Amino acid sequence: MQKNNSRHPGPRAAFVAAFVALFGMLFAGVLHAQETGLEIRNASTRLDAGVWYLSARIDYRLNRDTLDALQNGIPLTFELQVELAKVRNWLPDEDVASLRQYYELSWQPLSRGYLVRNKNSGDQRAHSTLFAALNDLGRITDLPLIDAALIDENTDYVVSLRAVLDQQQLPGLLRMLAFWDDDFTLESEWYRWNLRTGQPP
Amino acid sequence: MGVAALVMLGRYASSPADFGRRHVLILAVNVTAAAALLALMIVNLFHLVRAYRRRAPGARLRARLVGMFVGLTLAPLLVVYFFALQFVNGGIDSWFDSDLEQELSSALRLSRESLDVQATSHLLQTTALAAALGNLDGDALSRALSVLRADAGAEELTVFNPDLRVASSSSGTETLPPSLSEDALKNLGHNQRFVALEPQGNARYQIRTAVVMPGDVPEAGQRYLQAVFPIGDRQGRLADAVQDTYTRYAELRFLRGPLKDNLTVTLSLVLLLSLLSAATGAFYLARRLAAPIESLAAGTEAVAKGDFDTRLPPGAADEVGLLIESFNGMIERLGRAREESRSSQQQLERERANLATILGRLSTGVIAIGADSRIRIANDAAGAILGVDLAARAGAALEEIAELGPLPGQFVDACRPHIAGELREWRGQIVLRTDGARRILNCATSSLPGDGSGAADPGAGDFHAGAIIVFDDVTELLVAQREAAWGEVARRLAHEIKNPLTPIRLAAERIRRRYLPTMAEEDGQILDRSTHTIVQQVEAMRDMVNAFSEYARAPAVTVARVDLSQLVREVAWLYRAQEGQPLVKLALEDGLEIEADAVRVRQLLHNLIRNAQEALEGQSEGVIDIAARSIVDGERTFAEISVRDNGPGIDPEVLARLFEPYVTSKNKGTGLGLAIVKKLVEEHGGTVAAENLPNHGASLVVRLPVRAVIRDAVNESRMTLAENWRERA
């Protein structure tokens with residue numbers, strides 16, 4: 001007589017399986033959220049010849065929808081928002097300066113490459129790969145922030161930096177879609193650091 | 001708001017860019033409009049359902065109109081909606097023709113290959129330039145670069161040192177210091193060459209090439225030559241146009257789905273707004289159309305409730321307005337008619353009240369009988385005469401009245417032939433008998449004229465609306481007349497008979513005195529007996545005449561307070577028990593005083609006791625019970641004297657006329673004793689009644705009012721009856 005050792009999964013096993021599946025889905029969601037989106041890796045300011053310059057490294061990770069839109073000829077405009085606020089005790093910080101930089105990333109079917117264009121200055125650079133284009137887009141080097149003469153000496157300031165996908169620059173229909181679809185909402189967290197002005201030379 | 005939303009939808013739906021820019025506003029306006037219309041429709045629907053359940057006037061009509069309007073709107077809208085969806089989706093899909101896409105791809109590929117040929121050519125040219133430059137350095141390199149750049153037609157030629165610093169550069173324009181891009185470096189490290197087509201903006205392109213320079217300067221490492229070649233303006237514009245068209249086509253293709261969704265949403269919103277607008281409009285129209293009808297219904301209801309002051313507001317100059325005008329006119333006429341009717345009714349009520357007052361004050365009985373033989377009106381006197389409260393039995397059939405007692409029964413039996421007969425007028429006398437008494441009624445019936453409505457019995461052959469019976473109790477009048485006649489007879493008899501009696505007696509006595517002594521004894525005895533008989537009879541006749549005189553005479557009444565118990569005791573003492581006489585028993589209430597004529601009361605008592613004695617004559621162990629007490633009847637107090645005997649009782653045939661003169665069942669007496677009793681009692685405003693006792697014997701009961709009501713009963717009775725007859729006439 002042959003003994004049947006096979007066992008049916010009990011309720012406990014089913015519960016464990018369901019828990020694992022749920023955890024897996026949540027974890028996958030978190031991973032997905034981490035894989036796409038905008039993130040400011042680092043940012044800093046330096047004073048050079050009476051001008052404060054800003055440098056930053058930003059990761060641009062496009063999701064599938066934005067990538068589809070890009071590769072179907074829709075240019076993506078990213079806005080770099082920079083805020084400079086004076087720190088005050090017992091009072092809200094005082095906004096001193098605000099800077100907006102717009103960068104357009106577009107697909108060039110003729111060259112089969114990508115073009116990054118600074119919409120403020122008109123400078124543009126062509127890249128053969130998306131990786132190179134995003135890398136170029138995320139590298140901010142010595143962006144003039146403010147003239148040192150315009151801010152107080154020996155004062156603490158806070159610089160805030162954020163990168164967002166400018167939905168207003170999307171085509172109308174896509175903008176309506178973006179209103180309902182979070183996939184077209186790409187924005188980084190505010191990245192803040194202190195800026196301490198020194199004594200005049 | 002709904003119309004504005006529809007206009008916005010229509011305006012911006014044709015321009016996707018505008019729609020995308022303002023879609024939030026458009027959506028907000030449309031959703032707000034839809035929500036407002038929906039709320040309006042729900043409120044309207046709620047009110048309509050409530051009115052429908054309440055069965056409010058016009059609610060059903062409104063519901064029907066709303067359903068009809070919405071149904072009429074919904075069907076074509078749905079048809080248009082589905083056809084439009086089909087058309088839009090099919091139209092958009094038709095835009096993206098595969099042939100067009102293929103042609104665009106081909107055009108792009110052609111442009112690209114054309115540029116690739118140039119790029120390859122420039123790459124080879126760059127490689128050749130790199131070989132030509134060889135190991136040149138310093139000023140030689142600079143001069144060579146300038147020359148070669150001009151020869152090659154390049155815009156820029158740059159030699160980079162291994163550390164990527166510019167060794168030397170020649171440029172046709174003033175630009176920023178050249179640099180090697182990451183792409184270029186990566187490709188140079190991998191393929192030893194780099195070529196790329198770079199857009200410059202404004203439909204300008206350039207080809208950037210870079211190669212590793214073959215050098216014989218090992219210590220210096222590898223150097224790089226980068227060249228930039230411009231593309232002709234015409235070729236650049238053509239290529240840019242192709243790329244732009246392809247990009248826009250790709251964009252449209254990518255946005256095809258959102259465009260379909262957008263149009264579907266737009267159409268759905270249009271449908272929703274149209275439906276809601278239609279529904280709201282349907283409610284409004286239904287309300288507007290039903291309002292005059294509701295107003296008419298409300299007015300009709302108000303009129304049905306008796307409100308004739310309702311006036312409907314004038315409607316439009318159409319059929320409904322005409323109807324409202326007619327309604328108002330009708331209500332006005334109805335109001336006037338009602339006022340007239342009310343006035344007539346009030347007049348009738350007043351007349352009826354007057355008639356009721358007159359009937360109520362009549363001592364004559366009046367009964368009005370309807371065609372259905374039921375009593376319509378009966379006054380109090382009719383009920384009093386018949387002993388039944390007829391006024392409270394209005395509506396009762398004559399048969400029901402007949403069962404209420406012997407008097408109403410005989411009355412109905414006597415009257416019915418004259419009511420149902422063909423005679424319109426009848427007058428006559430009805431004699432009713434009850435408990436040995438007779439009631440004589442003078443009665444007249446008269447048929448009431450009918451209106452020919454057929455209410456009467458068709459078998460009667462003549463229409464009449466009933467009959468009226470007028471009757472009067474003339475029993476007392478007849479008795480009074482009889483008594484008056486007897487009084488007159490008595491007075492004349494007394495006068496005519498009494499006068500010759502004295503000469504007869506004197507003559508008889510003279511004959512006796514003169515001839516008796518002279519006559520023989522035997523003759524004398526005869527004369528003596530004869531004259532004695534004459535004198536005796538004359539005396540008897542005188543007594544009789546005196547009795548007549550006493551009956552006819554009506555001396556003045558002297559009223560004083562009389563102790564009735566004491567008076568009864570005194571009179572009864574005269575009849576105290578003697579041998580062979582009945583025993584008199586007294587049961588008297590002490591202190592029973594009345595206001596009366598003591599002489600008449602004494603005579604009354606004498607007559608009563610004598611009547612009882614005569615009834616017991618010849619009977620051993622006769623007993624006369626005399627009682628006197630006070631009783632209260634209504635608001636009046638009476639002294640009641642009852643005289644009972646245990647004799648044979650009163651002959652029932654005599655009982656009804658016991659108190660009339662010369663009515664007696666005894667061998668003795670004038671027959672005037674009880675007639676005088678009745679006369680005396682009536683003079684005092686009292687009553688007398690006689691009845692046989694259950695076992696044997698009779699009872700006479702006299703009631704005299706404690707407070708004097710002295711009157712000439714006979715004369716008063718005569719006058720009252722005479723007045724009644726005059727009223728009836």
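Scoring rules and cut-offs
- Residues numbered from 1 in each chain as written.
- Chains lettered and ligands numbered in written order.
- Predicted model: local features only at pLDDT ≥ 70, side-chain atom pairs only at ≥ 80, totals over all residues.
- Helix = DSSP H or I, 4+ residues; strand = E, 2+ residues; numbered from the N terminus.
- Contact = placed C-beta atoms within 7 Å.
- Buried ≥ 20, exposed ≤ 12 C-beta atoms within 10 Å, placed from the backbone.
- pLDDT = per-residue confidence, 0-100.
- Pairing = 2+ DSSP bridges.
- Nonpolar A, V, L, I, M, F, W, Y, C, P; charged D, E, K, R; others polar.
- Axes fitted to C-alpha atoms, helices over the stretch in contact; angles between N-to-C directions.
- Parallel < 35°, antiparallel > 145°, perpendicular 65-115°, else oblique.
- Arc of directions from axis to C-beta.
- Core = buried A, V, L, I, M, F, W, Y, C linked by C-beta atoms within 7 Å.
- Domains from an automatic or database assignment.
- Expected span 1.5 Å × (residues − 1).
- Bend = angle between axes of the 7 residues up to and from the residue.

Novice: Before we move on, could you go through the overall build of chain A and cite the residues and values that matter?
Specialist: In terms of regular secondary structure, chain A is built from 4 helices and 9 strands. Here the contacts in chain A between residues at least 6 apart in sequence split such that 61% fall between residues at least 24 apart.

Novice: Explain the overall build of chain B to me, and be specific about the residues and the numbers.
Specialist: Looking only at helices and strands, chain B features 19 helices and 17 strands. Taking all 729 residues of chain B together, the buried fraction comes to 28%. Restricting to contacts in chain B with at least 6 residues of sequence separation, those with at least 24 account for 61%.

Novice: Which residues make up the confidence of the model for chain B, and what are the values?
Specialist: Residue and element names in this part refer to chain B. Here chain B averages 81 in pLDDT, while 88% of its residues score no lower than 70. Across chain B, the element-wise mean pLDDT spans from 42 in helix α19 (residues 713–728) up to 92 in strand β17 (residues 698–705). Low confidence marks residues 453–463, where pLDDT is under 50. Its contacts with residues over four positions away, or in another chain, come to 11 contacts. Every residue in residues 713–729 scores below 50 in pLDDT, and together they form 20 contacts with partners more than four places removed in sequence or on other chains. Scored as a complex, the prediction yields pTM 0.51 and ipTM 0.75.

Novice: Run through the pairing of strand β6 (residues 124–127) of chain A, naming residues and quoting values.
Specialist: On a regular strand, one side chain projects to one face of the sheet and the next to the other, so that they alternate. Relative to β6 of chain A, strand β5 (residues 113–118) of chain A runs antiparallel, the two sharing 4 bridges. Among the inter-strand pairings, Y114 of chain A is bridged to a residue of β6 of chain A, identified as H127 of chain A.

Novice: Got a sec to walk through the environment of M68 of chain B? Specific residues and values, please.
Specialist: Mapped onto the elements of the fold, M68 of chain B is located in helix α3 (residues 59–95). Taking C-alpha positions, M68 of chain B is 9.7 Å from A286 of chain B, a pair spaced 218 residues apart along the chain.

Novice: Describe the interface of chain A and chain B, naming the residues involved and giving the relevant values.
Specialist: Interfaces are often sized by the amount of accessible area the parts lose when they come together. The interface is formed by 24 residues belonging to chain A together with 31 residues belonging to chain B. For the side of chain A that touches chain B, the element with the most residues is helix α4 (residues 172–180) of chain A, which contributes 7 residues. Here the side of chain A that touches chain B is built from residues that sort into 13 nonpolar, 9 polar and 2 charged.

Novice: Before we move on, can you summarise the pairing of strand β6 (residues 365–370) of chain B with the specific residues and values?
Specialist: Residue and element names in this part refer to chain B. Counting buried positions along β6 yields 5 of 6 residues, so the element is predominantly enclosed. Bridge count between β6 and strand β7 (residues 375–378): 3 bridges; the pairing is antiparallel. Bridged to I369 within β7 is I375. Taking the residues between adjacent antiparallel strands as the criterion, β6 and β7 are bridged by 4 residues, where S373 takes a positive phi near 60 degrees.

Novice: Any details on the sheet that holds β5 of chain A? Residues and values, ideally.
Specialist: All names here are of chain A. As summarised here, the arrangement of the 6 strands in space is β6-β5-β4-β3-β8-β9, forming an open sheet in which the pairing is antiparallel. Where the open sheet ends on each side, the last strands, each with one partner, are β6 and β9 (191–196). In this sheet, adjacent strand axes meet at a mean angle of 20 degrees when their direction is disregarded. Relative to β5, helix α3 (residues 130–137) is tilted by about 15 degrees, and along the sheet it contacts β3 (76–86), β4 (94–108), β5 and β6.

Novice: So, the packing of helix α8 (residues 256–304) of chain B against helix α9 (residues 319–361) of chain B: which residues are in play, and what are the values?
Specialist: All names here are of chain B. Packing of α8 against α9 leaves a shortest axis separation of 10 Å and a crossing angle of 10 degrees. By the angle between their directions, the pair α8 and α9 is classed as roughly parallel. Of the residues in α9, those touching α8 at P292, L296, G299 and V303 are V320, L323, I324, F327, I331 and L334. Taken together, the residues of the contact of α8 with α9 sort by class into 9 nonpolar, 1 polar and no charged.

Novice: I'd like a rundown of unusual backbone geometry, residues and numbers included.
Specialist: All names here are of chain A. With a phi angle near 55 degrees, A49 is a residue other than glycine that sits in the positive phi range. Relative to the helices and strands, A49 is located in the loop between β1 (37–48) and β2 (51–61). We classify A49 as exposed; it has 6 C-beta atoms within 10 Å.

Novice: For α3 of chain A, give the residues involved together with the corresponding values.
Specialist: All names here are of chain A. Residues of α3 that are buried include every one of A133, L134 and L137, and no others. Along the long axis of α3, the arc covered by the buried residues comes to 95 degrees, so they all point the same way. Of the surrounding secondary structure, the elements contacted by the buried residues of α3 are β2, β3, β4, β5 and β6.

Novice: Which residues make up the sheet that holds β1 of chain A, and what values do they have?
Specialist: Residues and elements named next belong to chain A. An order of β1-β2-β7 is seen for the 3 strands of this open sheet, with the pairing classed as antiparallel. Sheet topology places β1 and β7 (139–147) at the edges, where each strand pairs with a single neighbour. Ignoring which end each strand starts from, the neighbouring axes of this sheet average 25 degrees apart. As paired strands, β1 and β2 are joined by 11 bridges and run antiparallel to one another. Following the sheet pairing, D48 is matched in β2 by V51.

Novice: Before we move on, could you go through the environment of Q603 of chain B and cite the residues and values that matter?
Specialist: All names here are of chain B. Considering the arrangement of structural elements, one finds Q603 in helix α16 (residues 598–615). Note on Q603: 16 C-beta atoms within 10 Å, which makes it partly exposed. Sequence separation between Q603 and V571 is 32 residues, and the spatial gap between their C-alpha atoms is 9.1 Å.

Novice: Tell me what's going on with the packing of α4 of chain A against α8 of chain B, and back it up with residues and numbers.
Specialist: Running from N to C, α4 of chain A and α8 of chain B point in directions that differ by 75 degrees, and their axes come no closer than 9 Å. It follows from the interaxial angle that α4 of chain A and α8 of chain B lie roughly perpendicular. Note on element contacts: α8 of chain B touches α4 of chain A through P258, L259 and N262 of chain B, opposite L173, L174, M176 and L177 of chain A.

Novice: Could you give me a rundown of the nonpolar core, with the residues and numbers involved?
Specialist: L174 of chain A together with L225 of chain B are the most contacted members of the largest nonpolar core, which totals 48 residues. For this core, the element with the most residues is helix α7 (residues 233–254) of chain B, which contributes 6 residues. No fewer than three residues from each of domain 1 (2–95 + 255–297) and domain 2 (116–243) of chain B sit in this core. Look past the residues within four positions of L225 of chain B in its chain and what remains in contact with it is T126, L129, A130, L133, L157, V159, A210, V211 and M213 of chain B. The next biggest cluster of nonpolar side chains, apart from the first, holds 39 residues, and it includes I609, I626, F638 and V702 of chain B.

Novice: Explain the environment of T36 of chain A residue by residue, including any values.
Specialist: All names here are of chain A. Structurally, T36 is set in the loop between α1 (11–35) and β1. The exposure class assigned to T36 is partly exposed, which follows from the 16 C-beta atoms found within 10 Å. Through-space distance from the C-alpha of T36 to that of Y60 is 7.8 Å; in sequence the pair is 24 residues apart.

Novice: Lay out helix α12 (residues 406–420) of chain B with the relevant residues and their values.
Specialist: Residue and element names in this part refer to chain B. An ideal rise of 1.5 Å per residue puts 21 Å on 15 residues; α12 measures up with 21 Å between its terminal C-alpha atoms. The principal kink in α12, of about 30 degrees, is found at A414, preceding the proline P417 by one to four residues. Residues of α12 that are buried include every one of P408, F411, V412, C415, H418 and I419, and no others.

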